[in-house]
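Report on the structure
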Amino acid sequence: MGIQSMEALSEKADFMRESLEKSQTITDNMVSILGSFDHRLSALETAMRPTQIRTHSMRRAHENIDKTLKSAEQVLDLIDRARQAEAVIKRGPHEDLEGYLEAIALLRKIIKHFTGNKNLKSSIEVISSVTATLARASMQLEDEFRQLLTSYSKPIEPDRLFDCLPQSLRPAAASPHEGGGKKQSEQNKSQEPVVYRVPTLVPSKIIPLLHELAHQMFNAGHQQELFRIYSETRSASMEKSLKKLGVEPLGKEDVQKMPWESLEAKIGNWIHFMRIAVKLLFPGEKKVCDQVFEGIESLRDQCFADVCGESVSILLCFGEAIARSKRSPEKLFVLLDMYEIMKEILPEFNETLGSKHCVEMREAAKNLTKRLAQTAQDTFGDFEEAVEKDATKTAIHDGTVHPLTSYVINYVKFLFDYQSTLKQLFQEFGGGDPEAQLTSVTTRIMTALQNNLDGKSKQYKDPALTQLFMMNNTHYIVRSVRRSDAKDFLGDDWVQIHRRIVQQYANQYKRLSWSKILSCLSVQGGSGGNSFSGDASDKVNISRANIKERFKTFNIQFEELHQRQSQWTVPDSELRESLRLAVAEVLLPAYRSFMKRFGPSIKNGKNPSKYIRFTPEDLERMLAEFFEGKTSSEQKR
């Protein structure tokens, strides 16, 4: 069993050895075969390489041919599109502006393409042709911009501008400027919203076209032409708009030659012109300029400044002419009006014309405001001095209110319509408390007036008329002050003191006019008598001849007083009646008493009517004719 197993194992081992040897032989054969294949493949690869190289070259050549064909097609397409664009340019921009602008944009792209592909033989020719077309297009665009801008740069009619103003400032609602004092329209301004609507100067549908044309011209290097066309066209439109309103280029010589009434009206109009220009025209023009030149800031502000420059100069030049003209009291109110409007519009003026190109205009407006303030201040001082030194010889025969008095009082009343403005002036030039300064100036003017009137009153030969003149004028001053804002500054004490002064003048008048005639009715008698009692009941023996003489003297003196003082005037009805009553309260009781005491002795004598010519009722009736300012012919009738 053991021997058989060993033999079997041995046989298997031999079989396996034979199998391995066969396998090795097969492997060696396979390696030999594979090695042979490798050599063959290498040889084949070497043999195929030239073919592969030729195939790759052919593929690249094909690709290059495709690219060249595509490039050629693109060039041909661009050339074709360039010809089409050139045809559009040739027709001009007027028929189809948008298409024209698209053609220009296309030509610029074509130039950019060929400039980047200068190796193409056609580049130079295409670039040259398209460049020439673009140059022609730029000239046509310039003409189109000018034509389009001119067509829509018509001057704006005054009525359109007036409609943009607040209701209270429109001519239909307010009369033109009234010299001296505030206009009713200005007083009503605080009662309604003040709304200014900036007008549309160029239709909104045209703005995008102008904007695109401006950019095309700018990009084409025509900045100077763009600036010139826009500035000339729009400035002319603005100047014509102002001319339609009534703005005139007036200088100092024109102002000096002009009558005051005409000049005052022009100043009032100028105030409206400044408001319309600064609040309506300039903002409207700035809006147009900003939209047209959006994205071209280097030209925008410069163009706007140039458009407004001449109009601003014309307006400010007139203001300067007024501020530099010869000073006179009547100019103060218009100077204050002009100062007020400049103060009102200056912030908007500086904002609208706020660029560096407008610095001279802003400085000119600022200087005009200061000059107006200084001239108004100087004129105010001149007025105070003029009142003090007024030497007019106007004859006031009836003792009524002197023209100087009414002029000064009206002047002062108007001044108080400008309280806030005057206080600004005092703050700018004087410092301190402006209200106290206004009070001081008002007091000085009143004192100057009274001093002047006192001097004028000395011209009267009749001292009673002197007192009546001073009474009338002082009463007029006091009454006017009480009814005006001046009372708040002068104070109640001033009013009460001057009311007492009026009474003192009235008492002086009565003493000077009636003392002498009343002495005829006194028991004491005598020309030097000073009694106002007229007490004729005293038991005093007076001769019949003396009584006749007294009646005769009374008659003559009363007739003289009636003849003279009926021509005198007390214009205030209350003061006139008060003065008559004061005289009657003294004269009539004295006359009645004298008549009762001594009248019978005359009536019982010869020719009583020769001595007793008046009854108390006659005197009362005749006293009612005093101070009526009647002429001699009126008295005779």
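Preceding this paragraph is the structure being described.
Here's what I pulled together on the structure shown here. For every chain, the first residue of its written sequence is number 1, and the numbers climb from 1 along that sequence. Local features in this predicted model are restricted to residues whose pLDDT is 70 or higher, and side-chain atom pairs enter the listing and the counts only when it is 80 or higher, whereas totals over whole chains, interfaces and linings include all residues. Think of the side-chain values as coming from all heavy atoms in the structure, minus any hydrogens and water.

What follows covers the overall build of the chain. Counting secondary structure elements, the chain contains 21 helices and zero strands. A 1.4 Å probe rolled over the protein chains alone gives each residue an accessible area, and that area as a share of the maximum for its type sets the label: buried under 20%, exposed over 50%, partly exposed in between. By residue count, 43% of the 637 residues in the chain fall in the buried class. As presented, the chain carries roughly 34700 Å² of accessible surface, and 51% of it is formed by carbon and sulfur atoms. Working definition: helices are DSSP H or I runs of at least four residues, strands are E runs of at least two. Numbering for both runs from the N terminus. Shrake-Rupley sampling with a 1.4 Å probe provides the accessible areas, and residues are treated as covered by the protein chains on show and by no other component.

A contiguous patch of positive charge on the surface is contributed by K413, R482, R483 and R499. Turning to its location among the elements, R482 is positioned in helix α16 (residues 463-482). Taking relative accessible area as the criterion, R482 reaches 45% and is therefore assigned partly exposed. To count toward a patch, a residue needs a relative accessible area over 30% and no salt bridge; like charges are then connected within 9 Å, while nonpolar side chains (Val, Leu, Ile, Met, Phe, Trp, Tyr) are connected within 5 Å. Within this document, salt bridges are pairs made up of a side-chain nitrogen of Lys or Arg and a carboxyl oxygen of Asp or Glu, the two lying within 4 Å of each other. The charge count includes Lys and Arg as positive and Asp and Glu as negative, but it does not include His or the ends of the chains. Every charge is mapped onto a representative atom, which is NZ of Lys, CZ of Arg, CG of Asp or CD of Glu.

Before going further, it helps to spend a moment on helix α15 (residues 434-457). Multiplying 1.5 Å by the helix residue count minus one yields the expected span of that helix. Taking 1.5 Å of rise per residue, the 24 residues of α15 would be expected to cover 34 Å, and the 34 Å separating its terminal C-alpha atoms lies within 8% of that figure. Between N or O atoms, a polar contact is any pair within 3.5 Å; within protein, one atom must be a potential hydrogen donor and the other a potential acceptor, and residues adjacent in sequence are included only when both atoms are from side chains. You can read the cap of α15 off the contacts: a side-chain oxygen lies 3.1 Å from the backbone nitrogen of E435, and it is on D433.

Any residue with an atom within 4 Å of a point lines the site, the site being either a cavity, points on a 1 Å grid over the protein atoms alone where a 1.4 Å probe fits but cannot get out, or a pocket, an open set with protein on both sides within 12 Å along at least 5 of 7 lines. Grid points are joined across faces, edges and corners, and a volume is the space filled by probe spheres set on the points. The volume enclosed by the largest pocket comes to roughly 430 Å³. Surrounding the largest pocket, 18 residues form its lining, H475, V502, D572, E574 and L575 being those nearest its centre. Those elements that provide at least two residues to the lining of the largest pocket are α16, α17 (486-519) and α19 (573-603). Looking at the lining of the largest pocket element by element, the count peaks at six residues for α19. We call Asp, Glu, Lys and Arg charged. Ala, Val, Leu, Ile, Met, Phe, Trp, Tyr, Cys and Pro are nonpolar, and the rest, Gly among them, are polar. The residue inventory of the lining of the largest pocket, partitioned by class, reads seven nonpolar, four polar and seven charged.

What follows is about the pattern of salt bridges. In the structure shown here, the tally under the stated rule is 30 salt bridges. The salt bridge involving E142 is made with R146; its shortest N-O contact spans 3.5 Å. Separated by four residues within a single helix, E142 and R146 lie in helix α3 (residues 123-151), roughly one turn from each other. By relative accessible area, which is 7% here, E142 ends up buried. Note on R146: relative accessible area 28%, which makes it partly exposed.

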